[in-house]
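# Structural overview
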Amino acid sequence: MNDLAVRKSKMIYWASGIVSICGIIFEVLFGALGSYILGDGVKQYTLTISLFLTGMGIGASLSEKVMKNLILTFVWIEFGVAIIGGFSSFTMFGITAFAPYGTDAFYLYFITLLVGGLTGIELPILIRKANEIGVTLNKSTARVLFSDYAGGLVGGLLFVFLLRPQFGMVKSAFLVGCINLAVALTILWLFRKEIKNFTVHATFGIIIAILLIIGVFFGEAMAFTFEQKLYKDPIVYMEQSAYQKIILTQDEGDTRLYLNGSLQFSSTDEYRYHEVLVHPTMAQAKSHENVLILGGGDGIAAKEILQYKDVEQVTLVDLDPAVVNLAKSNQRLLQLNERSLYNDKVEVIHKDAFSYLETTEEWYDVIIVDLPDPNNESLNKLYTKEFYSLIRNHLKPGGATMIQSTSPVFATKVYWTISETVKSTGLYTENLHVDVPSFGNWGFVMASRDEIHLENLSINVETEFLKSDMLVGLTLFGKDEDSKIVNEKGEKFTLVPNTLIDPNLIRLYEHAWKNY
């Protein structure tokens with residue numbers, strides 16, 4: 001081969017690696033979009049990966065029908081990936097905000113299949129072009145595939161450690177689209193002598209570049225207005241952390257925190273939730289010296305616990321430093337948590353709750369479990385018999401725990417399955433629920449090494465809602481929310497503990513909340 005042919009073949013290998021990086025980024029980006037907007041991360045990642053690979057298979061099959069001008073075909077495929085993939089996140093937020101229910105899921109799965117199909121056409125065309133230039137088929141195939149597989153690894157690492165945490169899903173899509181376009185324009189220029197009407201094709205590329213650059217600089221702000229439609233009140237803070245999307249809204253004194261779209265609290269009634277979460281447990285426990293909070297990065301549960309003068313140490317384990325940093329810096333949150341996270345008695349540890357309990361040798365008088373609902377595999381493990389067994393094993397004799405357990409009204413089977421799972425560890429349990437206007441009737445499972453007699457417990461600290469003589473009343477459940485669950489045929493539902501091996505809770509949770 002002459003020098004020009006060598007340069008062209010090398011550029012083909014570089015192009016295959018770069019477009020592979022872009023392809024894997026779009027693949028995981030679509031999974032992240034589905035997880036954030038549609039929920040159930042495992043399901044969404046499974047579907048997007050399956051659809052993307054299916055699309056690649058269809059694209060590879062269609063590539064054999066490309067007989068004329070391989071390079072021009074490749075260029076226009078990259079134009080397509082750039083514009084479709086670049087605008088994917090932006091469009092997804094717009095559809096979610098304005099289109100009928102279910103349209104966003106259809107759109108996501110459609111573009112996943114489409115971009116996968118376009119990606120699948122790329123590599124066979126590049127292999128054939130390299131062979132056409134003069135590289136033997138076995139070498140061209142091996143080198144292009146090596147570039148493809150190596151690019152896949154680089155793309156995954158870039159998305160996890162750079163793009164999503166630093167740029168977010170909207171800007172990341174536009175940036176990756178720009179890279180696809182840059183590859184297309186470079187190839188177009190290098191092979192310009194083989195292409196008729198070069199100027200026409202280049203002009204289309206420049207138009208796409210202008211659109212993508214506008215998207216990079218202004219798309220996120222416009223998508224913000226779309227996302228605002230999903231929330232009742234104006235968004236005053238938004239951050240995509242390494243673990244979740246954090247949204248803070250505020251309107252006329254009502255501050256609300258959302259994680260991945262799920263409401264965590266409203267400042268107008270959070271006291272109802274947190275007082276029931278904390279004070280019955282503190283009343284049950286024989287000592288308060290050493291307290292563990294799992295979750296609760298907003299610092300409000302810690303505030304309630306610090307009312308007890310005999311508390312010597314509070315360990316708060318929250319995976320996401322971004323939530324804790326927000327709770328320590330936002331003035332409205334500082335008013336709500338009364339600067340509890342700055343208290344010398346409070347130690348914050350950023351670690352997975354399951355891993356923490358597996359490795360710590362500490363024993364606790366009180367363990368408060370204030371974790372998000374079990375709507376994916378990662379959170380499901382924090383609602384298993386194995387996890388609750390770890391909690392039991394770290395409770396001192398006379399100790400008590402309280403576990404937030406979702407709504408017994410909206411997710412009756414889920415609530416009582418959590419209760420059954422806690423009970424299966426051998427702990428004594430009690431079931432409580434309370435009306436929290438901002439997100440409905442909410443349930444808790446209280447557990448202890450000792451029998452629980454709520455009628456004998458007293459709340460001896462300042463509260464806004466909870467009184468000692470109310471405790472027994474919190475254990476009364478209506479017919480449509482108690483443990484006597486029956487199906488449409490009148491058959492009794494059998495409660496089965498949730499385990500790591502048999503994660504039945506995710507299925508129940510997804511079914512329960514699909515209409516809310």
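Refer to the structure above for everything that follows.
Just so it is clear, the structure is predicted and the values come from calculations on it, not from any experiment. (Residues numbered from 1 in each chain as written. Predicted model: local features only at pLDDT ≥ 70, side-chain atom pairs only at ≥ 80, totals over all residues. Heavy atoms only, no water.)

Here the focus is the overall build of the chain. Summing up its helical and strand segments, the chain has 16 helices and eleven strands in all. With respect to the principal axes defined by its C-alpha atoms, the chain has extents near 90 × 50 × 45 Å. For the chain, the proportion of its 516 residues judged to be buried stands at 54%. Sequence separation of at least 24 residues holds for 72% of the intrachain contacts in the chain that already meet a minimum separation of 6. When the 42 basic and 55 acidic side-chain charges of the chain are each reduced to a single mean position, those positions are 11 Å apart. (Helix = DSSP H or I, 4+ residues; strand = E, 2+ residues; numbered from the N terminus. Buried < 20%, exposed > 50% of the residue type's maximum accessible area, 1.4 Å probe, protein only. Contact = heavy atoms within 4.5 Å. Lys, Arg positive; Asp, Glu negative; His and termini not counted. Charge placed at Lys NZ, Arg CZ, Asp CG, Glu CD.)

Okay, the side chain of Thr360 next. Note on placement: Thr360 falls in the loop between helix H12 (353–359) and strand E8 (364–370). With relative accessibility at 14%, the residue Thr360 sits in the buried group. In terms of polar contacts, Thr360 uses its side chain to reach the backbone amide nitrogen of Glu362, at 3.2 Å. (Polar contact = N/O pair within 3.5 Å; in protein donor to acceptor, adjacent residues only side chain to side chain.)

Next up on the list: the pairing of strand E5 (residues 290–295). Most of E5 sits out of view: six of its six residues are buried. Strand direction decides the pairing type here: E5 and strand E6 (residues 313–317), joined by five bridges, are parallel. Counterpart to Val291 in the pairing with E6 is Val314. As a crossover connection, the stretch from E5 through helix H9 (residues 300–305) into E6 is right-handed. (Pairing = 2+ DSSP bridges. Right-handed = clockwise from strand over helix to strand, strands pointing away.)

Attention now goes to the pattern of salt bridges. Counted by the stated rule, this structure contains seven salt bridges. Here Lys232 makes a salt bridge to Asp233, at a shortest N to O gap of 3.3 Å. In this structure Asp233 comes out as buried when scored by relative accessible area, which is 3%. (Salt bridge = Lys/Arg side-chain N within 4 Å of Asp/Glu carboxyl O.)

Attention now moves to the packing of aromatic side chains. In total, this model carries 19 aromatic pairs according to the counting rule given. Where Phe90 meets Phe174, the ring centres are 6.3 Å apart and the plane angle is 55 degrees; that geometry is what we call tilted. Here Phe174 lies in helix H6 (residues 137–190) and Phe90 lies in helix H4 (residues 88–98), a separation of 84 residues in the sequence. In this structure Phe174 comes out as buried when scored by relative accessible area, which is 1%. Ring geometry for Phe439 against Trp442: centres 4.9 Å apart, planes inclined by 85 degrees, an arrangement best described as edge-to-face. Residue Phe439 is classed as buried on the basis of its relative accessible area, which comes to 15%. Looking at Trp442, the relative accessible area reads 8%, which means it is buried. These aromatic residues form a ring-pair network of at least three members: Phe87, Phe90, Phe98, Phe174 and Phe226. Lying over the aromatic face of Trp189, Arg192 brings its terminal NZ or CZ to 3.9 Å of the ring centre. The ring of Tyr342 carries Arg339 above its face, with NZ or CZ at 4.7 Å from the centroid. (Phe/Tyr/Trp six-rings, centres within 6.5 Å; stacked < 30°, edge-to-face > 60°. Lys NZ or Arg CZ within 6 Å of the ring centre and 35° of its normal.)

Here we come to the nonpolar core. Ranked by internal contacts, the top residues of the largest apolar core, which has 78 residues, are Leu294, Ile305 and Phe387. Dropping the residues within four chain positions of it, Phe387 is found in contact with Leu294, Ala353, Phe354, Leu357, Val369, Leu371, Lys381 and Leu382. If you look at the next biggest cluster of nonpolar residues, it comprises 67 residues, including Phe52, Phe93, Tyr107 and Val170. (Core = buried A, V, L, I, M, F, W, Y, C linked by side-chain atoms within 4.5 Å.)

Tracing the sequence through the fold places Gly261 in the loop between strand E3 (254–259) and strand E4 (262–266). Taking relative accessible area as the criterion, Gly261 reaches 40% and is therefore assigned partly exposed. Filtering out sequence-adjacent residues up to four positions away, Gly261 remains in contact with Tyr36 and Tyr231.

As a further point, take H4. With eight of its eleven residues buried, H4 lies for the most part within the structure. Residues Ser88, Ser89, Phe90, Met92, Phe93, Gly94, Ile95 and Thr96 constitute the buried set of H4.

This part is about the packing of helix H2 (residues 41–63) against helix H5 (residues 103–133). The description of two helices packed together rests on the angle between their axes and the distance between the axes. At a closest axis distance of 6 Å, the pairing of H2 and H5 adopts a crossing angle of 40 degrees. Compared by their axis directions, H2 and H5 come out oblique. Seen from above, H2 lies across H5 with right-handed handedness. The segment H2 lies against H5, with Gln44, Leu47, Thr48, Leu51, Phe52, Thr54, Gly55, Met56, Gly59, Ala60 and Ser63 engaging Tyr109, Thr112, Leu113, Val115, Gly116, Gly117, Thr119, Gly120, Ile121, Pro124 and Arg128. Broken down by class, the residue content of the contact of H2 with H5 amounts to ten nonpolar, eleven polar and one charged. (Axes fitted to C-alpha atoms, helices over the stretch in contact; angles between N-to-C directions. Parallel < 35°, antiparallel > 145°, perpendicular 65-115°, else oblique. Left-handed = near helix turned anticlockwise from the far one by under 90°. Nonpolar A, V, L, I, M, F, W, Y, C, P; charged D, E, K, R; others polar.)

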